Amino acid sequence: MNEFVISSGHAKVVRGASGFLDEVNEARKIVPKVAEYLKDLDCKVHTFNDDTSKTQRDNINTIVKYHNGKSRDLDVSVHFNAGTKETGGTEVLYYGDGNKALAAKVSKAISEALGIKDRGAKKRTDLGFLKGTAKPAILIEVCFVDTKTNADAYKKNFDDCCKAIAETLSGKKLKEEAKPVEKKSVLHKVQVGAFSDEKNATKLAAELKKKGYSVNILKG
């Protein structure tokens, strides 16, 4: 797949779940970052956030209309879950059986990136986004906003999560960033004299110390 439409779930006014994380706010962070990585992988991406809808019905219709108005191979909606304060995890929803394998791969990739439970691919035939989009579609539930361990893992591994989504959707791997080479400091030493008589060496050392130099007398 090389062309995607990715939207954040819910709307600026029609809010989603909240807890240790806010669903709408975090989905709007995920979308552009995943798009950035997909573009690095030479994919074409359209992104959308609904800033206008005032009702849930209008929200679904607005998002679906945007998706269906674009050329793409896959529709993706980014959400966050709520309801299992102790367990949490990642799951990806799909409508048609043809999208089950991709949903499972994305769920596994995100759960591994975050280090949380993989709840897997789940078929849903009742969701407006999945029913209304004309192309293959998945709805990502990144993690649970009311599970603290999920929220902490997400904050810590945000970038890895976005990379995992982009790589799994595209089937390509991002190039690893080259690590900067650490420069080692080198000391340059200057010898200012050599004497057979230790008294002469001691005398010169004293003169140099008075001028602020660090002095060592070495025998041999």
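See above for the structure.
Residues numbered from 1 in each chain as written. Predicted model: local features only at pLDDT ≥ 70, side-chain atom pairs only at ≥ 80, totals over all residues. Heavy atoms only, no water.

Let's hear about the packing of aromatic side chains: which residues, and what values?
Within the structure shown, the criterion is met by three aromatic pairs. When the centroid spacing of 4.5 Å and the interplanar angle of 15 degrees are considered together, the rings of F48 and Y66 count as stacked. Taken together, the residues span a long stretch of sequence, with F48 in strand β2 (residues 44-50) and Y66 in helix α2 (residues 56-68) at a distance of 18 residues. Between Y154 and F158 the ring centres are 5.8 Å apart and the planes differ by 85 degrees, which places this aromatic pair in the edge-to-face class. (Phe/Tyr/Trp six-rings, centres within 6.5 Å; stacked < 30°, edge-to-face > 60°. Helix = DSSP H or I, 4+ residues; strand = E, 2+ residues; numbered from the N terminus.)

Before we move on, could you go through helix α6 (residues 158-170) and cite the residues and values that matter?
The first and last C-alpha atoms of α6 sit 19 Å apart over 13 residues, in line with the 18 Å expected at 1.5 Å per residue. Buried within α6 are the following residues: C161, C162, A164, I165, A166, E167, T168, L169 and S170. Just downstream of α6, G171 is the residue with a positive phi angle, here 75 degrees. (Expected span 1.5 Å × (residues − 1). Buried < 20%, exposed > 50% of the residue type's maximum accessible area, 1.4 Å probe, protein only.)

So what's going on with unusual backbone geometry? Residues and values would help.
Within the chain, H10 stands out as a residue other than glycine whose phi angle is a positive 65 degrees. Within the secondary structure, H10 is located in strand β1 (residues 3-11).

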